[in-house]
Amino acid sequence: MKKTIGILFIAVSLIGSNVFGSTKSEDKGKGDFKEWAPTPPMGWNSWDCYGPTVEEHEVKANSDYMAKNLKKYGWEYIVVDIRWFVKNDKAGGYNQTDPIYVLDEYGRYQPAVNRFPSAADGEGFKKLADYIHSQGLKFGIHIMRGVPKEAVAKKMPIKGTNGITADQIYSTELQCEWLRDNYTIVAKKPGAQEYYNSIMDLYASWGVDFIKIDDLSRPYHQAEIELIRKAIDQTGRPMVLSTSPGETPVNKGDHVKENANMWRMVDDVWDTWGHLTHLMQVAQGWYSYISPGTWPDCDMIPLGRISVRGERGEDRMTRLTKDEQYSLMTFFTILRSPLMFGGDMPSNDAFTLSLLTNEEVLKMHRESTDVRQVYQKDGKLAITSRNPKTGDIYLALFNIQDGKSDTVGVSFADVGIKNGSSVEDVWSGEKLGAFTGSFSRTLSPHSCGLYKITSNGNL
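Owing to the predicted nature of the structure, the values given are computational and were not obtained by experimental measurement.

(A) Focus on the packing of aromatic side chains. Counted according to the given criterion, the structure contains 22 aromatic pairs. Centroid distance Phe331 to Phe398: 6.1 Å. Interplanar angle 75°. Geometry classified as edge-to-face. Residue Phe331 is found in helix H10 (residues 322-334), and its partner Phe398 is found in strand S16 (residues 393-399); the two are separated by 67 residues along the sequence. You can call Phe331 buried: its relative accessible area is 0%. Under the relative-accessibility criterion, Phe398 is labelled buried at 1%. Relative to Tyr451, the ring of Phe439 lies with its centre 4.8 Å away and its plane at 65°, an arrangement referred to as edge-to-face. Note that Phe439 is positioned in strand S20 (residues 438-443) and Tyr451 in strand S21 (residues 448-455), a separation of 12 residues in sequence. Among the aromatic residues, those joined into a ring-pair cluster are Trp84, Phe85, Tyr101, Tyr109, Phe116, Phe125, Phe139, Tyr203 and Trp206.

Written out as structure tokens, the structure is:
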């Protein structure tokens, strides 16, 4: 996570102003944004449980829960997902027939006051962000790329320009296919950069710490991503950038890691086994990009109580079995994905909470390096990483087959261990004893094991 002292030092030395304001830096170093997320971001996102309908009291309830139960384990972001600027959205999809948008005079979306009462009198999300900050947490929002169609239709002026209006920077080409609120911004048009600057300045003034921007990855909107990167940097405020959703093309990996802190590898991951196995396949192209400040993103964690007013299905506890839930959390954590819990946290049962608060698992997620896939074949998957502070090797074994128990294991030589080693189950803390040459376990279908291997000799 961001370290507060480090952020203050960077901000003061680079811009000489309060990091929580919107004063701009004219000499921002390229790549400084990577220092804002030195470990994978961890938090809560409203999408899986509330879709486009979340309300302020629900955001605060989840913030209260995180502050009380999860903050001490490193969880810190509270993110309001899609369409917070629509007064009359609906569960189970989107109201695209007669949406009532809320915009300011510069064509910038504002929170709908009927859902976020503290946004009255032009306050935006400032008071809600202040509430979350007062708990020692951080605040984030979701937006769609582009410029609002309503701003274009009304030829609204773009703040920071000399008379340029929204209808002068847009294109109907490559408009989002599944949500038609916005048009594409043409990066080379005068006013394009200024529009993105204006919305990022607004978010900085509210106290936003995290921005998830949708429909950037399929196709890959390189020019708009570059506009966004510049717009965030010019505010002088550290705001973690998450690009979403879709399968970000691996051939754009070098570009996205120089512009975003995290990026989605796949479409939405829901509470079915097939979503997880598809993710495991796609992730094979992204291991080499896992590094401080830039994180391939597995998507939200669809555990606990989801779809209270969500997009997929009825109000329910996750459909994943306990074995499958362990497999999901093990894969997300050993891969060092950002962890954005999707369930309604106040509804968590003891088992769900235990998945989010295992100190040894989160230590691996926070501290490990050199994440690599050993193999993925015949319905079996093995992944390793290493703790550079202790020299311990972490090993995750998965049986991803349907209906068949099987033995899954590795040769110590294949994971860089030269001598006999002691093995500990990371989830349970059980000491499994000393092993020489190899390690394996018989796993039931859809189950996994997560182990810490301590060498009795040189690694």
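(B) Inspection of empty space enclosed by the protein at higher detail. Under the criterion given, the structure shown has four cavities of 30 Å³ or more. Roughly 80 Å³ of internal volume is contained in the largest cavity. Around the largest cavity sit Asn45, Phe210, Lys212, Ser242, Met262, Arg264, Asp297, Asp299, Met300 and Met340, which together line it. When residues of the lining of the largest cavity are traced back to their parent elements, those giving at least two are strand S7 (210-214) and strand S9 (262-264). Classifying every residue of the lining of the largest cavity by side-chain character gives four nonpolar, two polar and four charged. In terms of lining residues, the second largest cavity is bounded by Tyr109, Ile143, Met144, Gly146, Pro148, Asn182, Tyr195, Ile199 and Tyr203. Every element with two or more residues in the lining of the second largest cavity is listed here: strand S3 (138-144) and helix H6 (192-206). No other element matches H6, which puts three residues into the lining of the second largest cavity.

(C) Geometry of the pattern of salt bridges. This structure, assessed with the given rule, holds 28 salt bridges. Note that Asp181 and Arg83 form a salt bridge whose closest N and O atoms lie 2.7 Å from each other. In this pair, Asp181 is assigned in the loop between strand S5 (170-171) and strand S6 (182-185) and Arg83 in the loop between strand S2 (77-80) and helix H4 (126-134), connecting sequence segments 98 residues apart. Here the two residues Asp181 and Arg83 agree in accessibility, since each one is buried. Linking Arg108 and Asp104 is a salt bridge whose minimum nitrogen-to-oxygen distance equals 2.9 Å. Look at the salt bridges and you will find they share partners, linking Arg83, Asp89 and Asp181 into a network.

(D) Spotlight on the side chain of Glu367. On the secondary structure map, Glu367 appears in helix H12 (residues 359-367). What makes Glu367 buried here is its relative accessible area of 18%. Residues contacting Glu367, with those up to four places away along its chain left out, are Arg336, Arg386, Asn387, Pro388 and Lys389.

(E) How the structure looks around unusual backbone geometry. Omega for the bond connecting Arg218 with Pro219 falls within 30 degrees of zero, at -5°, which places this linkage in the cis form. Inspection of the secondary structure puts Pro219 in the loop between S7 and helix H7 (222-235). Even without a glycine there, the phi angle at Lys155 is positive, about 50°. For Lys155, the position within the fold is in the loop between helix H5 (149-153) and S5. The backbone of Asp215 shows a phi angle near 65°, a positive value even though the residue is not glycine. Mapped onto the elements of the fold, Asp215 is located in the loop between S7 and H7.

About the criteria used
Every chain is numbered independently, its residues counted from 1 as its sequence is written. Confidence filtering applies because this is a predicted model: local features only for residues at pLDDT of at least 70, side-chain atom pairs given and counted only at 80 or more, and all residues used for totals across whole chains, interfaces and linings. The side-chain numbers reported here are obtained from all heavy atoms of the structure, hydrogens and water having been left aside. Aromatic contacts are taken between Phe, Tyr and Trp rings whose centres are within 6.5 Å, Trp giving its six-membered ring; a plane angle under 30 degrees counts as stacked, one over 60 as edge-to-face, and the others as tilted. For the purposes of this entry, the term helix denotes a DSSP run of H or I that reaches at least four residues, the term strand denotes a run of E that reaches at least two, and both are numbered from the N terminus. Only protein chains enter the calculation, and the probe is 1.4 Å; a residue is then buried if its accessible area is under 20% of its type maximum, exposed if over 50%, and partly exposed in between. The method works on a 1 Å grid over the protein atoms by themselves. A cavity is a set of points holding a 1.4 Å probe that cannot get out, a pocket is an open set with protein on both sides within 12 Å along at least five of seven lines, and residues with an atom within 4 Å of a point line them. Grid points are joined across faces, edges and corners, and a volume is the space filled by probe spheres set on the points. Polar here means any residue other than Ala, Val, Leu, Ile, Met, Phe, Trp, Tyr, Cys and Pro, which are nonpolar, and Asp, Glu, Lys and Arg, which are charged; Gly is therefore polar. Any carboxyl oxygen of Asp or Glu within 4 Å of a side-chain nitrogen of Lys or Arg constitutes a salt bridge here. Any two residues whose heavy atoms approach within 4.5 Å are treated as being in contact.

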